[in-house]
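Coordinate inspection notes
The residues making up each chain are set out below.
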Amino acid sequence: MSRNSDAVLIELAQFGWVWKDRSRDRQRLARDFDEAWSFSKTGRPQPKDQLVDATARQLVLIEELLQFYVVSDPGEQRRMRAAVSGHPSLSPLLLAVARRYAEHGSPEKPIDCFRLALAAVSLEDCATDFRDVLQTLGDVWQAIDAAGQDPRTRFDEASGWSETVSSKGGDMSTAERFLTFEKSSYLKYRIRTGHR
């Protein structure tokens, strides 16, 4: 890994204990995220407390890590996924970040929130439970579609950053999950029932 992504991962790992407690309560995690960030008109999340809040600092680090992740070579991406999987308390944080980026994504914004949302899911690599990943991917898929973009193209791109071997929490590899999500019974169910 590059020195920059190493530094981000080291600093982020120091916060893991904070998120370990919050990972048990998904609604609280989402509320903390919303309280720590406000999305500006440009689409870039802005911390509300000038980075004095630990939650805001973690989210700055997550965005920085995701930016490194999408431009890294496959070997470095693999090392980054391994580093993240060593801190299971980061899993719910990454999935919450993915959902929030998807909610605030728009083609008019200079930051590609959808790309960062998919990068967060890829980096999380189904570390704990594939059902949480399915729910998050459903949210991201529908947000991309609602923005008038083709989710299939975005998910295909994300498969290129993703692991091709199943992780401990997955029933298939993350790359395969991205490639087959459009045909999944879960997505069909969400669309049929109007779940948003």
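Computed from a prediction, not measured in an experiment: that's the story for all the values here.

Calculation rules
- Residues numbered from 1 in each chain as written.
- Predicted model: local features only at pLDDT ≥ 70, side-chain atom pairs only at ≥ 80, totals over all residues.
- Heavy atoms only, no water.
- Phe/Tyr/Trp six-rings, centres within 6.5 Å; stacked < 30°, edge-to-face > 60°.
- Helix = DSSP H or I, 4+ residues; strand = E, 2+ residues; numbered from the N terminus.
- Buried < 20%, exposed > 50% of the residue type's maximum accessible area, 1.4 Å probe, protein only.
- Polar contact = N/O pair within 3.5 Å; in protein donor to acceptor, adjacent residues only side chain to side chain.
- Arc of directions from axis to C-beta.
- Contact = heavy atoms within 4.5 Å.
- Axes fitted to C-alpha atoms, helices over the stretch in contact; angles between N-to-C directions.
- Parallel < 35°, antiparallel > 145°, perpendicular 65-115°, else oblique.
- Left-handed = near helix turned anticlockwise from the far one by under 90°.

Focus on the packing of aromatic side chains
All told, the structure shown has four aromatic pairs when counted by the stated rule. An angle of 55° between the planes, with centres 6.0 Å apart, marks the rings of Trp141 and Phe181 as tilted. In this pair, Trp141 is assigned in helix H8 (residues 130–146) and Phe181 in the loop between helix H10 (174–180) and helix H11 (185–193), connecting sequence segments 40 residues apart. Neither residue differs from the other here; Trp141 and Phe181 are each classed as buried. Arranged with centres 5.7 Å apart and planes meeting at 20°, the rings of Phe155 and Phe181 form a pair that is stacked. Within this pair, whereas Phe155 is found in helix H9 (residues 151–159), its partner Phe181 is found in the loop between H10 and H11, the two being separated by 26 residues in sequence. Exposure class is identical for Phe155 and Phe181. Each is buried. Taken together, the ring pairs connect Trp141, Phe155, Phe178 and Phe181 into an aromatic cluster.

Here we look at the environment of Ser85
Its place among the elements puts Ser85 in helix H5 (residues 74–85). As for Ser85 and Asp125, which are separated by 40 residues in sequence, their C-alpha atoms are 7.9 Å apart. Engagement of the side chain of Ser85 in a polar contact is seen with the backbone oxygen of Ala82, the distance being 2.9 Å.

Remarks on H9
Within H9 the residues assigned to the buried category are Pro151, Arg152, Arg154, Phe155, Ala158 and Ser159. For H9, the angular spread of buried residues about the axis comes to 160°, placing them on one side. Against helix H7 (113–124), H8 and H10 lie the buried residues of H9. Put simply, Asp150 is the residue that caps the front of H9, since its side-chain oxygen is 3.1 Å from the backbone nitrogen of Arg152.

A short note on the packing of helix H6 (residues 90–103) against H7
Close contact between H6 and H7 brings their axes to 8 Å; oriented N to C, the two are set at 160°. Taken as axis vectors, H6 and H7 run roughly antiparallel relative to one another. Judged by the twist between their axes, the crossing of H6 over H7 is left-handed. Judged by residue contacts, Ser91, Leu94, Leu95, Ala98, Tyr101 and Ala102 of H6 engage Cys113, Phe114, Leu116, Ala117, Ala120, Val121, Leu123 and Glu124 from H7.

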